[in-house]
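Analysis of the macromolecular model
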Amino acid sequence: MDFTLSDEQKMLVNAVRQFIKEELKPLEDEVESTGLLAPEKARAIFEHSRELGLYAMNMPEEYGGAGLSAIDTMLVEEQFGHTSDILIRRAFGNIYEALLVCEGAQKERWLLPTVRGDRTCSIAITEPGAGSDAMGITTRAVKDGDGWLLTGNKHFISDGEYSDFFLVTAVTDPESTPKAISLFLVDKDSPGFTLGRNQVMMGLTGTSCNELFFKNIRLTRENLLGEEGRGMRICLQTLGRVRLAQVGARAVGKATHVLDLMVEYVKERKQFGKPIGDFQLIQQMIADSVIEVNAARLLLHRAAWEIDQGRDARDWISMVKVHAAETLGRVTDRAVQVFGGMGYCKELPIERYYRDSRIYRIFDGSSEIHRTLVARGATKFGAALYDVRA
Ligand SMILES: Cc1cc2nc3c(=O)[nH]c(=O)nc-3n(C[C@H](O)[C@H](O)[C@H](O)COP(=O)(O)OP(=O)(O)OC[C@H]3O[C@@H](n4cnc5c(N)ncnc54)[C@H](O)[C@@H]3O)c2cc1C
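Residues numbered from 1 in each chain as written. Predicted model: local features only at pLDDT ≥ 70, side-chain atom pairs only at ≥ 80, totals over all residues. Heavy atoms only, no water.

1. Structural notes on the overall build of the protein chain
Looking only at helices and strands, the protein chain features twelve helices and ten strands. Relative to the 2.2 N^0.38 estimate, which gives 21 Å for 390 residues, the radius of gyration of the protein chain is 22 Å and therefore close to what a compact globule would have. Seen along its three principal axes, the alpha-carbon backbone of the protein chain occupies a region of about 80 × 50 × 40 Å. Looking at the protein chain residue by residue over its 390 residues, the buried ones come to 52%. Within the protein chain, contacts between residues separated by at least 24 positions form 74% of all contacts whose residues are at least 6 apart in sequence. Of the roughly 18,600 Å² of accessible surface on the protein chain, a fraction of 53% belongs to carbon and sulfur atoms. (Helix = DSSP H or I, 4+ residues; strand = E, 2+ residues; numbered from the N terminus. Rg over C-alpha atoms; globule rule 2.2 N^0.38 Å. Buried < 20%, exposed > 50% of the residue type's maximum accessible area, 1.4 Å probe, protein only. Contact = heavy atoms within 4.5 Å. Areas by Shrake-Rupley, 256 points an atom, 1.4 Å probe, with all protein chains shown as cover.)

2. Looking at the site of the ligand
Around the ligand, a shell composed of 18 residues is seen, among which T126, S132, S158, S366 and E368 lie nearest. With respect to the ligand, the backbone of I123 contributes an N or O atom lying 2.8 Å from a nitrogen atom. In the environment of the ligand, a nitrogen atom lies 2.9 Å from a nitrogen or oxygen atom belonging to the backbone of F156. Looking at the shell around the ligand, the elements that each hand over two or more residues are β1 (121–124), β3 (147–158) and α12 (367–381). When residues of the shell around the ligand are assigned to their parent elements, the largest contribution, three residues, is made by β3. Of the residues in the shell around the ligand, the class split is eleven nonpolar, five polar and two charged. The two domains that each donate at least three residues to the shell around the ligand are domain 2 (121–225) and domain 3 (233–388). (Near = heavy atom within 4 Å. Polar contact = N/O pair within 3.5 Å; in protein donor to acceptor, adjacent residues only side chain to side chain. Nonpolar A, V, L, I, M, F, W, Y, C, P; charged D, E, K, R; others polar. Domains from an automatic or database assignment.)

3. Details of the domain arrangement of the protein chain
Taken domain by domain, the protein chain holds domain 1 (7–116), domain 2 (121–225) and domain 3 (233–388). When each unit is reduced to the centre of its C-alpha atoms, the spacing between domain 1 and domain 2 is 24 Å. Facing the 19 residues of domain 1 at the interface are 19 residues of domain 2. Between domain 1 and domain 2, the buried area comes to about 1,700 Å², and carbon and sulfur atoms account for 60% of it. Taken as a group, R90, Y96 and W110 account for 34% of the area that domain 1 buries against domain 2, more than any other trio of residues on that side. Counting across the interface, domain 1 meets domain 2 through four salt bridges. For D159, the salt bridge goes to R89, with nearest N and O atoms at 3.3 Å. Our enumeration of links across domain 1 and domain 2 arrives at eight residue pairs in polar contact (both at pLDDT 80 or more). Of all elements in the fold, only α2 (28–34), α5 (85–92) and α6 (105–116) reach the threshold of two or more residues within the side of domain 1 that touches domain 2. Considering every element that reaches the side of domain 1 that touches domain 2, the biggest residue donor is α6, with five residues. Looking at the side of domain 1 that touches domain 2, its residues break down into ten nonpolar, four polar and five charged. (Buried area = accessible area lost by both parts, 1.4 Å probe. Salt bridge = Lys/Arg side-chain N within 4 Å of Asp/Glu carboxyl O.)

4. Points about the pairing of strand β2 (residues 140–144)
Looking at chain direction, β2 and β3 are connected through five bridges and run antiparallel. Directly across from A141, in β3, lies its bridge partner L150. Between β2 and β3, which follow one another and run antiparallel, lie two residues, and G145 among them has a positive phi close to 60°. (Pairing = 2+ DSSP bridges.)

5. Some thoughts on the pattern of salt bridges
A full pass over the atoms with the stated rule returns 33 salt bridges. The partner of R89 in a salt bridge is D85, and the shortest N-O contact between them spans 3.2 Å. Here R89 pairs with D85, and both are found in helix α5, just four residues apart, close to one helical turn. The class for D85 is buried, based on a relative accessible area of 18%. The shortest N-O distance in the salt bridge between R109 and E222 comes to 3.1 Å. With R109 in helix α6 and E222 in the loop between β7 (209–219) and β8 (224–225), this pair connects stretches of sequence that are 113 residues apart. A relative accessible area of 33% places R109 in the partly exposed class. Sharing partners across several salt bridges, the network here consists of K25, E28, D29, E32, K346, E351, R352 and R355.

6. A closer look at a nonpolar patch on the surface
A contiguous nonpolar surface patch, about 460 Å² in accessible area, is contributed by M1, F3 and L298. Along the polypeptide, M1 turns up in the segment before α1 (7–24). In this structure M1 comes out as exposed when scored by relative accessible area, which is 96%. (Patch = residues over 30% accessible without salt bridge, like charges linked within 9 Å, V, L, I, M, F, W, Y side chains within 5 Å.)

This is the structure in C-alpha cells:
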C-alpha cells in the first residue's frame, strides 16, 4: 500500500487549490451577503477555469474532459470542499456522468456542449411525494406514437433555474413489477415546461433549488437516455461516483477547512491568560476532529480505489456517504463551540459552514438510507469481507 501522491497528482491538486484560493475565496462573502453570484463573475471564473483545463475534469478525454481516475477525482473534489458550492459549480462544472450514456446525435445535442460549458444540466429525480423512495415517483411518460408525452412535477432540483436541460426520471410502464422508470433528456425551452419556485434553503446560498413542472411535453426517442425502462439502473450505475465526489470528498474537504480554522483560532484566542488550545477540553475537540477527518479520507480513498479496480463499490460509497457527512456535521458543530460567540456570529464564516454542512446527511440518499444499504451488504457479504465482492 502506497499513500504517496505522484508528481502529477500534486500538480493537479495545487492548481485547483491555487485557483480556489485566488479566484473563488474572494467571492464567497459577496455571494453570502447578496444571495447570488453575479452572472459576469460566474462567466469570468468559468472562462478562466476552462482556459486552464480545469472545467469538466470528471469527463473522459475523448469528450474534452481530463479523464481523471476515481482517486484523482477525489483528490480534486476534496479541494472543492474548501469553498462554496455555487462557486465550484460555475468554475468547474457539475457534469453528471449519466450523460456518458448519450449515443449518436444525443452527444452533439447534450453531452458535448455540457462538457464545453455551453450548456448546463440538473438531475431531476425527487418529487414532493417521492424522496428517499425514488421508485415512488408519479411523473409519467405516456407512449404517444413514436415518442412519449411527459407529465408530472419534481422539486428540490439543484441549479434548476440555471440549467438548460434536465435528466428526468419518469414512469414508462406502471404495470410492470417493479414499475419501469426511464431517464429522459428534457430541454428547458420545451413547450409544456414551467420552472417553479426557488425553494429557499438554510444554507448553500447562491444556488437555486427549484420545482419543475412538465405538462404534456412531447418527447422523441432522441430524448430517451439509454434503454426504455432502465432509468433507475443508469442512475444507480452513474450516480455512485458522483455521490462519492460531490458529497464524500467535498465533506472531507469542508471538514478539513473548518478544522484548519479551528486549529489557528485555538492558538490565538486567549482566555484565563493562555491560548484556549492549552485547555484539554478544547484539545479533545481538535483531536476527535483530526481522527475522524483522517478516517473519513482513508475510507474515501479506499472507495475510489475500488472504483478504479472496476469493482462494485456501492457498499464503500454508502459507508463514505454516512461517515464523511456525519464527520463534517460533528466538526462544524465543534467549530461553533470552539469559536464561542464568534462561531455563532455572522462576522465569521463558521456559522455558514455549520448551516451548509447540514444538508450532507440528507441529500443524495440520507444517512438512514445509506446505513440500510451498508447493513444489507454486511448481511449478504459479511462485515469484514467487502473485498470479496467482485
Ligand atoms: C439542497 C437540496 C438539494 C437537492 N438537490 C436535488 C437534485 O438536484 N435532484 C434531485 O432529484 N433531488 C435533490 N434533492 C432531494 C434530496 O435528494 C432528497 O431531499 C433526499 O433524497 C431525501 O428525500 P426527502 O427530502 O423527500 O425525505 P424523505 O424521503 O421524506 O425522508 C424523511 C426522513 O425519513 C427517513 N427515511 C425515509 N425512508 C426511510 C427508510 N426506509 N428507513 C429509515 N429512514 C427513512 C429519511 O432518512 C429522513 O430522515 C435535494 C434536496 C435538497 C434539500
